[in-house]
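Architecture and fold: a report
For reference, the chains in residue letters:
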Amino acid sequence: MPSVILKAGKERRLIAGHPWIYAGEIDKITGDVRDGDEVDIRDSKDRHHGRGLLNRKSQITVRRFTTGKEELDEAFFRGRVEAALAYRRSLGCGDAYRVVFSESDQLPGLIIDQYGDCVVFQALTLGIEARKPWVIRIIKDLLKPRAIIERSDVHTRRLEGLEEAKGVVFGQTDGRVTVVCAGLRLELDLLEDQKTGFFLDQSDNYREVAALAAGRRVLDCFSYHGGFALAAAVGGASRVEAVEISEPAVSRAKRNAELNDAVGKIEFNCANAFDILKKYDKEKRQFDMVVLDPPSFTRTKQKVDDATRGYKEINLRALKMLPPGGVLATFSCSHHIHWELFRAILVDAAADARKPVRLLQTLTQARDHPILPAIPETEYLRGLLVQVL
């Protein structure tokens, strides 16, 4: 078996449980090996640390799949997917959920999502791309979908030397499905909507917002398909406004309102959420609950300062609109905005707004997006549910 030999001392993160090996940590690569092939991982003292898939085009040159010596064949992949599926079924996830979450399920670079009788997958790395026929067969055998859609149309593929890819790879579908997620009926387009079709990672948090919405005036910013707005309306909010800049997303949200008997309960505003927050702050508008669920403000460490200013601005304006007893649900989906920083942003915003708050709950991604403490990158969705005193 070809081997990747690490430089002295570079095995420590692997021993702690992290599966990535960067190009700068490698001393040499032995044997006749092509990018995409499996390799043994050995340290400078020739101790074995598992087996992974190689890609010298990527800064993450090896991604470890096992600490043992199993062959990374189709049977190995099937066993990993079976274990991931068994865990999700133990959660009672319903008919829309994440089946495989990359490193969190010891299958780096692979995402599999179930949407009713359709399945969407992403091949994010060269190693998974080379094994795509296995992935498709395993999905067909274990999940028995009507159709399988690939949504590998993500920029991170280019870091692996790959082009983006999207399309139906099995069965027939126009991509449109209707599913139930967090008790909400949702119409989705799995070929065109963001991510793999929906923000499944927020499913638990929709329920948390719904539980607090009764009788409240709710403002849902960056609403997309209206998940939080729908949850609030179904939860008994007295009035809901959903702000979303994308016209197609607003159209989809209106259709979802029809599916949930929420027509007339939600006012949809196709506008830039930053502009609306600024306008409503100036007009001294008041709401009893504000939800801030923006897209990632940074995907790199270099942009953290800019992202911090963006998060501070929207949280400050939201807090100004909340009376005593008002609730703010605020989120960040950037791994680089760590918990300490996110809390500090909120504390600074509350101080500037002269609105002391108490923490009701710390929120994170749904349990079908499991977090591995040894791999900080698996925890990316951070949320704070606070109440103005």
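In this report, the structure presented in the accompanying data block is examined. (Residues numbered from 1 in each chain as written. Predicted model: local features only at pLDDT ≥ 70, side-chain atom pairs only at ≥ 80, totals over all residues. Heavy atoms only, no water.)

1. Considering helix 10 (residues 339-353)
Between its first and last C-alpha, helix 10 extends 21 Å over 15 residues, near the 21 Å set by a 1.5 Å rise per residue. Of all the positions in helix 10, only Trp339, Leu341, Phe342, Ile345, Leu346, Ala349, Ala350 and Ala353 are classed as buried. If you follow the buried residues of helix 10, they end up packed against helix 9 (304-320), strand 18 (327-332), strand 19 (357-364) and strand 20 (382-388). (Helix = DSSP H or I, 4+ residues; strand = E, 2+ residues; numbered from the N terminus. Expected span 1.5 Å × (residues − 1). Buried < 20%, exposed > 50% of the residue type's maximum accessible area, 1.4 Å probe, protein only. Contact = heavy atoms within 4.5 Å.)

2. A few points about the packing of aromatic side chains
A full pass over the atoms with the stated rule returns 14 aromatic pairs. A ring pair is formed by Phe199 and Tyr224, whose centres lie 5.3 Å apart and whose planes are at 80°; its orientation type is edge-to-face. Highlighted residues: Phe199 in the loop between strand 13 (184-189) and helix 5 (203-212) and Tyr224 in the loop between strand 14 (217-221) and helix 6 (227-234), separated in sequence by 25 residues. We classify Tyr224 as buried; its relative accessible area is 10%. We note Arg63 situated over the ring of Trp20; from NZ or CZ to the ring centre the distance is 5.7 Å. (Phe/Tyr/Trp six-rings, centres within 6.5 Å; stacked < 30°, edge-to-face > 60°. Lys NZ or Arg CZ within 6 Å of the ring centre and 35° of its normal.)

3. So, the sheet that holds strand 14
By way of backbone hydrogen bonds, the strands of a sheet pair with one another, either parallel or antiparallel. The 7 strands are arranged 16-15-14-17-18-20-19 in an open sheet whose pairing can be described as mixed. Of all strands in the sheet, those with a lone pairing partner are strand 16 (266-270) and strand 19, marking the two edges. The sheet shows a mean angle of 15° between the axes of neighbouring strands, direction not considered. Sheet analysis places strand 14 next to strand 17 (residues 289-292), joined by 4 bridges and oriented parallel. What sits directly across from Cys221, in strand 17, is Leu292. Contacts from helix 6 reach strand 14, strand 15 (239-244), strand 16, strand 17 and strand 18 within the one sheet, and its direction differs from that of strand 15 by about 175°. Helix-sheet contacts for helix 10 involve strand 18, strand 19 and strand 20, and the interaxial angle to strand 20 is about 25°. (Pairing = 2+ DSSP bridges. Axes fitted to C-alpha atoms, helices over the stretch in contact; angles between N-to-C directions.)

Remember that the coordinates give geometry; whether it matters functionally is a separate question.
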